[in-house]
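Reading the structure
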Amino acid sequence: MTTTARTTTVKTTTADAATTPTVETVTVAPDLTTLLSFAQAVAADPDALDRLALHPTERTWIRLDGPGGSEAWLIGWPPGSETGWHDHGGSSGAFVTARGALSEHSLAMPLPSSGWRSLELEEGVDRQRVLPSGRGRAFGPHHVHQVVNPSAADHAVSVHVYHPPLPRLRRYERSGDVLSVAAVETQEDW
């Protein structure tokens, strides 16, 4: 699959009339629509999906190059598997279910980016959506969620894309309305 980053050409000159103007190309960060469109295109590509080996009990994944310097992942979900509560370290993203169905539990509020270990969540911040094959969503840099394959018998496959590439991932533990930071992972941990 080939993707093209959007670019902007900027013409700059200096005060010295003898200097020739230069043209430089700047890559513009992909917006949420671009990330979601990329995930939808990969999810609809049977050749891309067939590259992913599925394991009977463990999640599997393949890293892909996404648009505009983003990173993408093709992920296989065995029956009953889930991510646990996590964020994306300040990256925006999108994901689309390619096969099967996934359930997303999320918080309808941004969390502080630092300076806390435990928070009591207000009533009414929980959201849940089911994402069958072909459905997905985009999210901003403060999104916290848990993704689950609710099926007891069938694998699911999904495509996830993040920009900037994930610098870290915070994992959370949840007990009722209390959300606590459990771990912070960096790229070296994946």
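Residues numbered from 1 in each chain as written. Predicted model: local features only at pLDDT ≥ 70, side-chain atom pairs only at ≥ 80, totals over all residues. Heavy atoms only, no water.

Describing the nonpolar core
With 19 residues, the main nonpolar core has Val42, Leu64, Leu74, Val157, Val159 and Val161 as its most contacted residues. The set of elements that each furnish at least two residues to this core consists of α1 (32–43), α2 (46–50), β3 (60–65), β4 (71–77), β6 (92–99) and β12 (156–163). In terms of residues, this core owes the most to one element, α1, which gives six residues. Beyond its immediate sequence surroundings of up to four residues, Val157 is in contact with Leu49, Leu52, Leu54, Leu74, Ile75, Trp77, Val96, Thr97, Ala98 and Arg99. Membership of the second largest hydrophobic core comes to eleven residues, among which are Trp73, Phe95, Leu131 and Tyr162. (Core = buried A, V, L, I, M, F, W, Y, C linked by side-chain atoms within 4.5 Å. Buried < 20%, exposed > 50% of the residue type's maximum accessible area, 1.4 Å probe, protein only. Helix = DSSP H or I, 4+ residues; strand = E, 2+ residues; numbered from the N terminus. Contact = heavy atoms within 4.5 Å.)

A short note on the sheet that holds strand β10 (residues 136–139)
Across the sheet, five strands lie side by side as β3-β4-β12-β6-β10; this open sheet has antiparallel pairing. Every interior strand has two partners, whereas the edge strands, β3 and β10, have only one. Each neighbouring strand pair of the sheet contributes to a mean axis angle of 15 degrees, computed without reference to strand direction. Relative to β12, β6 runs antiparallel, the two being bridged by seven bridges. When the bridges of β12 are listed, Ala94 appears paired with Val161. Each of β3, β4, β6, β10 and β12 is contacted by α1, which is oriented at about 20 degrees to β6, the strand it contacts most. (Pairing = 2+ DSSP bridges. Axes fitted to C-alpha atoms, helices over the stretch in contact; angles between N-to-C directions.)

Some remarks on the side chain of His160
With respect to the secondary-structure elements, His160 resides in strand β12. Of note is the side chain of His160, whose polar atom sits 2.7 Å from the side chain of Ser158. Apart from residues lying up to four places away in sequence, His160 is in contact with Glu71, Ala72, Trp73, Ile75, Trp77, Ala94 and Phe95. (Polar contact = N/O pair within 3.5 Å; in protein donor to acceptor, adjacent residues only side chain to side chain.)

A closer look at the layout of surface pockets
Approximately 380 Å³ is the volume found for the largest pocket. Lining the largest pocket are 19 residues, with Arg59, Ile75, Leu169, Arg171 and Trp190 sitting closest to its centre. Mapped by element, the contributors of at least two residues to the lining of the largest pocket are β4, β11 (145–148), β12 and β13 (168–175). No other element matches β4, which puts three residues into the lining of the largest pocket. Residues belonging to the lining of the largest pocket are distributed by class as follows: eleven nonpolar, five polar and three charged. (1 Å grid on protein atoms, 1.4 Å probe; cavity = no way out; pocket = protein on both sides within 12 Å on 5 of 7 lines; lining within 4 Å. Points joined across faces, edges and corners; volume = space filled by probe spheres on them. Nonpolar A, V, L, I, M, F, W, Y, C, P; charged D, E, K, R; others polar.)

Here we look at the packing of aromatic side chains
Inspection of the entire model under this criterion finds two aromatic pairs. Taking the centre distance of 5.8 Å and the plane angle of 5 degrees together, the rings of Trp116 and Tyr172 count as stacked. Here Trp116 is found in the loop between β7 (101–107) and β8 (118–120), whereas its partner Tyr172 is found in strand β13, with 56 residues between them in sequence. When the ring of Phe139 is compared with that of Tyr162, the centres are 6.4 Å apart and the planes differ by 55 degrees; the resulting orientation is tilted. You can see Phe139 sitting in strand β10 and its partner Tyr162 sitting in strand β12, a full 23 residues away along the chain. Here Phe139 matches Tyr162 in class, with each residue buried. (Phe/Tyr/Trp six-rings, centres within 6.5 Å; stacked < 30°, edge-to-face > 60°.)

A few points about the pairing of β3
A one-sided burial pattern is seen for β3, the buried positions being Thr60, Ile62 and Leu64 and the unburied ones Trp61, Arg63 and Asp65. For β3 and β4, the ladder comprises six bridges, and the chain directions are antiparallel. Within β4, the position partnered with Thr60 by the bridge is Gly76. Here β3 folds back onto β4 in antiparallel fashion, the turn holding five residues, of which Gly68 has a positive phi close to 60 degrees.

Thoughts on the side chain of Asn149
Secondary-structure assignment places Asn149 in the loop between β11 and β12. A distance of 3.2 Å separates a polar side-chain atom of Asn149 from the backbone oxygen of Pro78. Setting aside residues up to four positions removed in sequence, Asn149 forms contacts with Trp77, Pro78, Pro79, Gly80, Ser81, Ala101, Leu102, Asp154, His155 and Ala156.

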